[in-house]
Amino acid sequence: MSRKTLEIIGTIFENKVLLHLKDKFKDSVVLHNINVYSPSLKKETQIDLVLINKKGIFVIEAKNFITSMKGTYDDLKWELRSKDKKAKIVFNSLNQNLIHIRALNSAFMRHYDKKPFHLYNLICFPDETFLDTDIQEVCNFSDLENKINQYLEQSNQCIDVQEYTVMVRKINSNEINRQIELYGIDDPRVTHIKAREE
């Protein structure tokens, strides 16, 4: 499959997850495609989904094109199999999403003087994906709601949902503007997809 086809397939699944979260967590705000500068990568990175609830913030990576996933916490790379059954060795998605979390916490600190705090790391695969893992933060689509509710029930955090929604949107906007200044508005490296509340 071409990269463009994979991106379209990924976007379809991200939208499915997003609409599901909006339906199930009506007291939360769900944002999609959040662009943030990563100091560790020294470049921008994009977060698939951010769910902001008064009891916690969830950074969610949605993976769609896979029929099976094999990996552990300690594995540097995971084995993913696509619909054509070919194995693809990729960077551990949990660690990839941890980079997103660190970048977002860093932006909270840089722009708003907010101390870093625990953001929940979740990786979501379609129900058809066989998960060969014991990683608690990895789940199938139909388990996502329960997984989030488990974390919310255990949480003692108290977050101002609107305050953090405004901050995340501003972080996204600042990153888009930084890219435009760096590359120019017509450069294909500029991420033109704005964060949106669904």
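The notes below deal with the structure included here. One numbering rule holds for all chains: residues counted from 1, following each sequence as written. Under the rules for a predicted model, residues below a pLDDT of 70 receive no local features and side-chain atom pairs below 80 are neither given nor counted, while totals for whole chains, interfaces and linings still include all residues. Side-chain descriptors were evaluated using all non-hydrogen atoms of the structure, hydrogens and water having been removed beforehand.

Quick look at helix α4 (residues 161-183) now. The helix count covers DSSP runs of H or I at least four residues long, the strand count covers runs of E at least two residues long, and both are numbered beginning at the N terminus. By this rule, a helix spans an expected 1.5 Å times one less than how many residues it contains. Here α4 is 23 residues long and its end C-alpha atoms lie 33 Å apart, about the 33 Å a rise of 1.5 Å per residue gives. Burial classes follow relative accessibility: with a 1.4 Å probe on protein chains only, a residue under 20% of its type's maximum area counts as buried, one over 50% as exposed, and anything between as partly exposed. Among the residues of α4, those classed as buried are Val 161, Tyr 164, Thr 165, Met 167, Val 168, Ile 171, Asn 172, Glu 175, Ile 176 and Gln 179. We call two residues in contact whenever any of their non-hydrogen atoms come within 4.5 Å of each other. At its buried positions, α4 is contacted by β1 (29-38), β2 (43-53), β3 (56-62) and α2 (93-112). The N-capping residue of α4, defined by a side-chain oxygen 3.2 Å from the backbone nitrogen of Gln 162, is Asp 160. With its phi angle positive at about 100 degrees, Gly 184 sits one or two positions after the end of α4. For this analysis, a polar contact is any N or O atom pair within 3.5 Å, provided that within protein one partner can donate a hydrogen and the other can accept it, and provided that sequence-adjacent residues contribute only side-chain to side-chain pairs.

On to the pattern of salt bridges. Pairing between side chains of opposite charge can happen when the charged atoms of each approach one another. Whenever Lys or Arg places a side-chain nitrogen within 4 Å of a carboxyl oxygen from Asp or Glu, that contact is recorded as a salt bridge. Applying the stated criterion across every chain, the model contains 7 salt bridges. The salt bridge involving Glu 44 is made with Arg 178; its shortest N-O contact spans 3.0 Å. Residue Glu 44 is found in strand β2, and its partner Arg 178 is found in helix α4; the two are separated by 134 residues along the sequence. Residue classification places Glu 44 among the buried residues on the basis of a relative accessible area of 18%. A relative accessible area of 26% means that Arg 178 is categorised as partly exposed. The partner of Glu 175 in a salt bridge is Arg 178, and the shortest N-O contact between them spans 2.9 Å. Of this pair, Glu 175 and Arg 178 both sit in helix α4, 3 residues apart, which is roughly one turn of the helix.

Attention now moves to the packing of aromatic side chains. A pair of aromatic rings is counted whenever rings of Phe, Tyr or Trp (Trp by its six-membered ring) have centres within 6.5 Å, and the orientation is called stacked for planes under 30 degrees apart, edge-to-face for over 60 and tilted otherwise. Here the structure, examined in full by the defined rule, presents 7 aromatic pairs. Ring geometry for Phe 117 and Tyr 164: centres 5.6 Å apart, planes at 80 degrees, overall edge-to-face. Taken together, the positions of Phe 117 in the loop between α2 and β7 (120-125) and Tyr 164 in helix α4 put the pair 47 residues apart, joining distant regions of the chain. Members of the aromatic cluster, connected to one another through ring pairs, are Phe 58, Tyr 120 and Tyr 151. In our convention, an over-ring charge means Lys NZ or Arg CZ found within 6 Å of a ring centre and within 35 degrees of that ring's normal. We note Lys 16 situated over the ring of Phe 141; from NZ or CZ to the ring centre the distance is 4.6 Å.

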